[in-house]
Each structure stands twice: as structure tokens, then as C-alpha cells.
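Commentary on secondary and tertiary structure
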Amino acid sequence: MSGLSHFLTLASDGMKANRLFWLLIAGFALFPIFTHFADLPFWNDVAMRIMLLGMAAMGLNLVLGYGGMVSFGHAAFIGIGAYCVGIGEFYGLTNGWAHILLGIVVCGLMGLVIGYLALRTSGIYFIMITLAFAQMLFFLFVSLEQFGGDDGMSIDRAEFGLIDLYDPLRLYFLIWVALALVGLGLMFIVHSRFGVTLRAIKSNESRIEAMGLEPLQFKITGYVISAVICGLAGVLFANWQEYVSPDIMHWTRSGELMIIIILGGLGTLAGPLLGAIVFLLLEESLPIMLDTVAPAYAENWMILFGPLLIMVVMFGRGGLVGLLAAQRQSKNNPKREKVGQ
Amino acid sequence: MTFTLILEQTFNGLQAGVTLFLVAAGLTLILGIMDFVFLAHGSQVMIGAYAAAAITQATGNFYLGILLAVPVTFASGYLLEYLIIRHLYQRDHMEQVLATFGLILFFNEAIRVSFGPAALFSDLPPSLSGFVEILPATPYPAYRLGVIIVGLLCAVGIHLLVSRTRIGAMVRAGANNPEMTAALGINIKILFRFIFATGACLAGVAGMMLGPLTAVQPGMGEPLLILSLVVIIIGGIGSVRGAFVAAIIVGLVDTLGRVFLPAILRLFVEQATADGAGPALASMLVYILMAVVLIFRPTGLFPAKG
């Protein structure tokens, strides 16, 4: 079998297996048409935020969902990516492609160092050491007064050659292309030899060791890849927000990323993106809904959002992707569902 | 930089340390012994602080406020365990993170709705607002000294409870092997509920004592939650002794770093930069400490389980 046809078979199999993800991507491509005719330009902004957080969550999902490494500090990589833009511009580097390259290299190196040190521990200790590194970086950027410290720094959208990012649609599709490429990349990584090994390590690490492989190498590689994806999301995030502050790497954002993944479905390609859609749509719509019912409490929407998260955990297993799959299964084979329950 | 200043700041560090220990001790019971990732522990601190502040305002008596707030926090912990937490023991850590993150959002917002977003300030009674001479000509705020003493008493109490009493033996047995303990006729469900409520209560006490020192406001517990997580990791998960040692270390490092790091930095860089960077670098110190401990001792200073 020639390389190309092998590649094409893999790609078409991947498309089929991850139909939901590519449907969502297609939906995002068509969404601006809808907002144009419905005259809702604000929702383009929401969609960009969804894609960016979804991209970061997909990066984290590689270690969290496929690799079983619960990193509680991935917001740090988003922050590093975003500061690559801010600090780059501060020193006169205005080319967006250079920012992306810088973000990837810096996040890769940081991921390598943090991963190497943190992966000596496991379980709750790993959760906490990743948090510790993220907090260190958070306070580092708080302390860097020349880059705005606590208040952050404002950013001009970078120059991407012919792509003028001040045209909102071009920014939208730059993010969209990046998201689709990340999805495509992850699809291949997960099904590659490397990805299979990573997933095998999650289910039985000592067995992989017994097979003569070094689990740590695979884990660190996975950690670096996920850091790079979060860094890319960070670079684009800074361009979208036109502003960066240490807030972008606050520990609650790391928590948010985890929630998005768990909400959508761990270890699936579509899960993090679906989770981001639901998470951010709830964030946008709960205040609106509350505004119509009890206007005085519109800004207290989290009082509903919190219990909603708890209910997701208590009653829905496997996240939204799991829920959808279960529904499809019960439609195809209603009896089996009953027996299973 | 005088000896008095160093002494005073060391006491402040101790005060921060024992407060941190109360939060971390509760978390040690819940996370270390029951193996439940409880992120909403900071909310228990907030609930304690609000209960004390509200009762103090209503009754006009600070001591009554503290006295009545203790059972309130115990009851809130008990109720929370009964309603939600007990359904989540069997779930994996990530689901526990998600559910208890939801609890944080709920508690912060519920407090904001019922008490308003502004911070509450509670005044100290005259009997506690004075100074005590810890050394000749070295006055120290009486209230902070009181916090240190109460914190140390609680530490001794928890130590005795866990290591010397029948309940403590049951707790340790339950942590070691819940099925076996249950088979020996101990009601593990009630035991866990009791531990959980005690842990929540300890966090609440920390909140009550912090009330007059800091602003009582929604979300006040989260920084403490993160720091107390750091503490139990440095100390070794599940070890009360480790939590105590680590809490004192973290309290001292954080407080002394905040005061003296800008001064040390000023020797090397200009003053404005040093004053700006100092406090943030001091906050970093704690996490650097934790990372170093974990790199050299991946299960903390006093690992409780093998």
C-alpha cells in the first residue's frame, strides 16, 4: 500500500469515527453566515471564544483523557502563548507567524521541563505539582512590572501577512483553520503507534514497561504536545482579546478546562469542543434567562451553574459524548439498554 | 531591619501557619484519609467567617458569634455530606473535582446573594484589641496571639483525637481498609460523615478567626484552599503531623518572604522594581518550595501511607 493511500484510508476512517467532531467543525464554518443574516455579530465573538477554549481543552485532553495524567496547570501554557504575543510586540516583533513559532517553541520547552519534573510524581501529587508550576508562572507574570504586572498589557492584533486580523471574519477563520488542524493532528496522533501506547499506559503502565517501553518518554512527549496546543490557543487568544494579563493563567481557568473536558467527554475528539460549546453557551445564556425570570439576580447566574455541574457528575457519566452515544445505542437496540441498566 | 521586626513577623508567620493548619487539617481528614478531592473546602472557611460575622453583628457579642458559628459550620458540613458528597466517594478524582468546583460557584454566589458583594468587617471586642508584651518593650496584637494559641490548642486536640481516642482509631482503620472496618461492626457511613463535618468545622474555625484580620467576602476561601493543598502535599497526604509542620513552614515562608524579599531585592535592583516584584516573588516561594519537595520526596515530607 502506498503512503498516500494509507494516509487517505486513515483519514477517512478517522472522519467516520469522529463524525461528531467534523460536524461541529463544519457548523463553525457556516456559523458566520447565520450570524450575518440574523444580524447577531456578537455571537461570532462567542463562537471564537468557544473555539479557542475548545482548542486548549483538546490539547489538555491528550494528557488528561488519553494519557490519564490529570494536569491542573494547563492554563499556564495558554498564558505563555498569550505573553509570547505581548512580550514579542513589546520588543518590536509584530509578525503573527513569528508569534506562533515563538509560542510553540517556548511552550514546548516549558512543557518539557515541567513535564520532566512533574511526571516523577503521580496521582494527587501530580495534580498538585502541575498546579504549583502554574501558580509559579502566574506570580512570575504578576511580578513583571515592565510587562504590566497585575494589570496586564494591551496588544495590537499581529500581522499575518495578507490576513488582516482587524477584519473580524479573517480572525474568525484563522482560529477556525487552527482548530481544524489541531483536530486533524490529534486524530492522527491518537491513532498512531505513539497514541496507542499512550492510551495503553493509561490503562496499565507496568505492562507497557514489561514490554520494554519507557512510559516516561511517552508521557513527556504527550505532555509537550498538549502544552504546544495550549500555547497555540494562547497566541490566538491574545490576538482575539487584544489584551493579556496574568488572569489568563489563573488556576480557575485550569479548572475550567478540566470541567469542559469532563462535561464533554474524556478521551474523545469531539468531547472538549462539545464541552466548550455547552459551557460557554450556558455562561452566555444563563444570565439572559435569569434576566427574564428574575432580573434582580441576573448577575448571580452561577448559583444555577454550580448545581448544574454537580448534576452532570451525579447523573451523567461519560460526559455529553457518552450521553449522545448511549442515546444512539438505545435507539438502535432498545432492549439492550434496559438489560444494561 | 531590627530584631523586633523579625520577631514580630515571625509571630505573624506563626499566626498564618496555624490558621493554615486548621484548614489543612480539615483537608487532611477529607482528602488524605477519606481520599475525596474536596475543592469546596475554601467555601467552608467562608461559611465559618460569615456565620461568625453575622451572629456577632446580630448579637453584638464577638464571643457568642464564635461560639454559635462552630455548630453552624459543623451542621453545614454534615448536611453537605448527606446531600451530595456521600454520593461521590466512589467516583474518580476528576469527577470529584468537577462536582466540588460546582459547589464553590454555588456557595460564592449564594453568599453574594444573601449578604451582598461587599466585604463585611467585624470589630474586635475591647478585650482583644489591645497589645500584649511578648518580650519587654515588644508589643504584639493580643488577638493575633490569641489566634496562635487557639490554633496550637486545636492542633494538640486533633493530634490526640486521631492518635489516642477510640474515634481516632476508627478513623485510621476506616482510612486503611473501609470494608474490613465495616465488617468489624463500625458504621463507616456515619464515621465518614462525622469526619467530613469535623473537617468542615475546622475550616470554619479558621474562617472565624481570620474574619477580624481580613475582609470577609465571597471567594475569600479560595486562596486558602490552594495554600492548604500545598501544605498537605508538602507534609505528605493523610499525615496530621506533616500538615502541621508544613503549615508552619508555609506560613513562615509566605509571611517572611513578603516582608523581607523586597528588602533583599532592593540590594540588587532599584527600589520601584523591587517593591513591585517582591510580593509576587514571595508568593512564588511557596510553590517553588513545594515543587522542590516533590521533586526530591515525591510523596511529601511525612508520607502517611506506604
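Residues numbered from 1 in each chain as written. Chains lettered and ligands numbered in written order. Predicted model: local features only at pLDDT ≥ 70, side-chain atom pairs only at ≥ 80, totals over all residues.

Some remarks on the overall build of chain A
Looking only at helices and strands, chain A features 15 helices and 4 strands. The globule rule puts the C-alpha radius of gyration for 341 residues at 20 Å, and the 21 Å found for chain A is close to it. Dimensions of chain A along its principal axes, counting C-alpha atoms only, are 60 × 55 × 45 Å. Counting all 341 residues of chain A, 47% fall into the buried class. For chain A, the proportion of contacts with a sequence separation of at least 24, taken over those separated by at least 6, is 76%. (Helix = DSSP H or I, 4+ residues; strand = E, 2+ residues; numbered from the N terminus. Rg over C-alpha atoms; globule rule 2.2 N^0.38 Å. Buried ≥ 20, exposed ≤ 12 C-beta atoms within 10 Å, placed from the backbone. Contact = placed C-beta atoms within 7 Å.)

Side note on the overall build of chain B
Summing up its helical and strand segments, chain B has 11 helices and 2 strands in all. Reading chain B from its N terminus to its C terminus gives the helix and strand order α-α-α-α-β-β-α-α-α-α-α-α-α. Computed over C-alpha atoms, the radius of gyration of chain B comes to 20 Å, within 12% of the 19 Å expected from 2.2 N^0.38 for 306 residues, which places it in the range of a compact globule. Seen through its C-alpha atoms, chain B measures out along the principal axes to roughly 65 × 50 × 35 Å. Sequence-distant contacts, at least 24 apart, represent 75% of the contacts inside chain B between residues at least 6 apart.

Points about the interface of chain A and chain B
Many analyses report the size of an interface as the accessible area lost when the parts associate. Counting residues at the interface gives 34 residues for chain A and 39 residues for chain B. Within the residue set of the side of chain A that touches chain B, elements represented by two or more residues are helix H6 (124–143), helix H11 (251–264) and helix H13 (302–315) of chain A. The dominant element in the side of chain A that touches chain B, judged by the number of residues it contributes, is H6 of chain A, at 12 residues. Classifying every residue of the side of chain A that touches chain B by side-chain character gives 25 nonpolar, 7 polar and 2 charged. (Nonpolar A, V, L, I, M, F, W, Y, C, P; charged D, E, K, R; others polar.)

Thoughts on the packing of helix H5 (residues 142–164) of chain B against helix H6 (residues 166–176) of chain B
Residue and element names in this part refer to chain B. Packing of H5 against H6 leaves a shortest axis separation of 5 Å and a crossing angle of 70°. Of the possible angle classes, the one that applies to H5 and H6 is roughly perpendicular. Contact residues: Leu161, Val162, Ser163 and Arg164 in H5; Ile167, Gly168, Val171 and Arg172 in H6. In the contact of H5 with H6, the residues fall into 4 nonpolar, 2 polar and 2 charged. (Axes fitted to C-alpha atoms, helices over the stretch in contact; angles between N-to-C directions. Parallel < 35°, antiparallel > 145°, perpendicular 65-115°, else oblique.)

With respect to the confidence of the model for chain A
Residues with a pLDDT of 70 or more make up 91% of chain A, whose mean pLDDT is 83. In this model residues 335–341 of chain A is a low-confidence stretch, pLDDT under 50, and it forms 2 contacts with partners more than four residues away in sequence or in other chains. (pLDDT = per-residue confidence, 0-100.)

Here we look at the environment of Ala25 of chain B
All names here are of chain B. By secondary structure assignment, the location of Ala25 is in helix H1 (residues 3–33). Under the C-beta neighbour-count criterion, Ala25 is labelled buried, with 31 such atoms within 10 Å. Residues Ala25 and Phe38, spaced 13 residues apart in sequence, show a C-alpha to C-alpha distance of 13 Å.

Description of the confidence of the model for chain B
Residue and element names in this part refer to chain B. Per-residue pLDDT for chain B has a mean of 84; in total, 97% of the residues score no lower than 70. Element-level mean pLDDT values for chain B span from 73 in strand E1 (residues 131–135) up to 89 in helix H3 (residues 62–83). Here the predicted complex carries an ipTM of 0.76, next to a pTM of 0.83.

Quick word on unusual backbone geometry
Residues and elements named next belong to chain A. Despite not being glycine, Glu242 has its phi angle at roughly 55°, a positive value. Locating Glu242 in the fold gives a position in the loop between helix H10 (215–241) and strand E4 (243–244). Judged by the 13 C-beta atoms lying within 10 Å of it, Glu242 is partly exposed.

A look at the environment of Leu68 of chain B
Mapped onto the secondary structure, Leu68 of chain B falls in helix H3. Separated by 16 residues in the primary sequence, Leu68 of chain B and Ala52 of chain B place their C-alpha atoms 7.4 Å from one another.

Let's talk about H13 of chain A
An ideal rise of 1.5 Å per residue puts 20 Å on 14 residues; H13 of chain A measures up with 20 Å between its terminal C-alpha atoms. Listing the buried residues of H13 of chain A in full gives Met302, Gly306, Leu309, Ile310, Val312 and Val313 of chain A. Along the axis of H13 of chain A, the buried residues cluster in a sector spanning 155°; they form a single face. Among the exposed residues of H13 of chain A, those oriented more than 90 degrees off its buried face are Met311 and Phe315 of chain A. Next to the buried residues of H13 of chain A lie H11 of chain A together with helix H4 (93–115) of chain B. (Expected span 1.5 Å × (residues − 1). Arc of directions from axis to C-beta.)

Structural notes on the nonpolar core
Ranked by internal contacts, the top residues of the largest apolar core, which has 206 residues, are Leu52 of chain A together with Val230 and Val231 of chain B. When residues no more than four places from it in sequence are discounted, the contact partners of Val230 of chain B are Ala132 of chain A together with Val250, Val286, Tyr287 and Met290 of chain B. (Core = buried A, V, L, I, M, F, W, Y, C linked by C-beta atoms within 7 Å.)

Side note on the environment of Ser127 of chain B
All names here are of chain B. Within the secondary structure, Ser127 sits in the loop between H4 and E1. Ser127 gets classed as exposed once you count the C-beta atoms within 10 Å, which come to 11. For Ser127 and Glu109, which are 18 residues apart along the polypeptide, the C-alpha to C-alpha distance reads 35 Å.

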